[in-house]
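Structural overview
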Amino acid sequence: MLSKETSSVASYLQYSSKIMKENNHKLPHPLDAGNIVLMKNDMSASVTPPPVDFSSRLEYWESATGVRNPRCAHEICTRPATHGAIARRAFSSDKTRYVFPACETCVRRTEMLYVRGPIVEIE
């Protein structure tokens, strides 16, 4: 019998595969699901438009992960997410930008944040 964690991962993979086929979107695979990641908000990205075919970065994150109506991903925050924050991994040479769900307050934070995954790569 599968453990609860294994079965939820399997369910997630089935769901995200189904969504991608239905919508013909090539969404990146979410990273660090269930892990805490140290991130630094990319404040210059606040004027970046959402990805093509999406009305917001939060909608993009929801489509990639299969999670609807998420809570803010900042570890110590419990508010509902209203934005898709764009950030980079802190202390990393990786310049890839990622999106995660954030509330009105946390999307504007300038300090590093401990973020609950999953995070999704964004162009």
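Residues numbered from 1 in each chain as written. Predicted model: local features only at pLDDT ≥ 70, side-chain atom pairs only at ≥ 80, totals over all residues. Heavy atoms only, no water.

Side note on the overall build of the protein
The test is simple: Secondary structure elements are taken from DSSP: a helix is a run of H or I of four residues or more, a strand is a run of E of two residues or more, and numbering for both begins at the N terminus. Each residue is placed in one exposure class: buried if its accessible area under a 1.4 Å probe, protein chains only, is under 20% of its type's maximum, exposed if it is over 50%, and partly exposed if it falls in between. By definition, residues are in contact when any of their heavy atoms lie within 4.5 Å. Note on areas: Shrake-Rupley with a 1.4 Å probe; residue coverage comes only from the protein chains shown.
Across its full length, the protein carries 2 helices and 5 strands. Sequence-ordered secondary structure for the protein, helices as α and strands as β, is α-β-α-β-β-β-β. The 123 residues of the protein split such that 38% are buried. Partitioning the intrachain contacts of the protein with sequence separation of at least 6 by distance along the chain shows that 67% fall at a separation of at least 24. Total accessible area on the protein is roughly 7500 Å²; 53% of this is exposed by carbon and sulfur atoms.

A closer look at unusual backbone geometry
For the bond running from Gly 117 to Pro 118, omega is 15°, close enough to zero to count as cis. With respect to the secondary-structure elements, Pro 118 resides in the loop between strand 4 (112–116) and strand 5 (120–122). Phi angles above zero are rare outside glycine, and Asp 53 is one such case at about 75°. Relative to the elements of secondary structure, Asp 53 occurs in the loop between strand 1 (36–41) and helix 2 (57–65). Asp 53 sits in the exposed class, given a relative accessible area of 59%. Unlike most non-glycine residues, Phe 91 shows phi in positive territory, near 55°.

Observations concerning the nonpolar core
What counts is decided by this rule: As used here, the term nonpolar core means buried Ala, Val, Leu, Ile, Met, Phe, Trp, Tyr and Cys residues forming a set that is joined through side-chain atoms within 4.5 Å.
Core analysis: the largest hydrophobic core is formed by 16 residues, its most contacted members being Met 39, Cys 72, Phe 100, Ala 102, Cys 106, Val 115 and Ile 119. Looking at this core, the elements that each hand over two or more residues are strand 1, strand 2 (83–89), strand 3 (97–102) and strand 4. The element contributing the most residues to this core is strand 3, with 3 residues. Once residues lying within four places of it in the same chain are set aside, the contact partners of Cys 72 are Cys 77, Arg 79, Pro 80, Ala 81, Pro 101, Ala 102, Cys 103, Cys 106 and Arg 116. Grouped together as the second largest cluster of nonpolar side chains are 9 residues, Ala 45, Phe 54, Ala 64 and Ile 122 included.

A few points about the confidence of the model for the protein
Note the threshold: The quantity called pLDDT is the predictor's confidence in a given residue, expressed from 0 to 100.
Here the protein shows a mean pLDDT of 80. Residues at 70 or above account for 75%. Between the elements of the protein, mean pLDDT differs from a low of 48, seen in helix 1 (residues 4–23), to a high of 94, seen in strand 3.

What to know about the sheet that holds strand 1
Counted only if it meets this: Here a strand pair is declared whenever DSSP counts at least two bridges between the two strands. Inter-axis angles, ranging from 0 to 180 degrees, are taken between N-to-C directions of lines fitted to C-alpha atoms, where helices are fitted over the stretch in contact.
Sheet architecture is open: 5 strands sit in the order 4-1-2-3-5, paired in antiparallel fashion. A strand with exactly one partner marks an edge of an open sheet, and here the two such strands are strand 4 and strand 5. Across this sheet, the average inter-strand angle for adjacent strands is 55°, counted without regard to direction. The pairing of strand 2 with strand 3 spans 5 bridges and is classified as antiparallel. The partner of Ile 86 across the bridge, within strand 3, is Val 99. This element, helix 2, spans strand 2, strand 3 and strand 5 of the sheet and lies at about 130° to strand 5.

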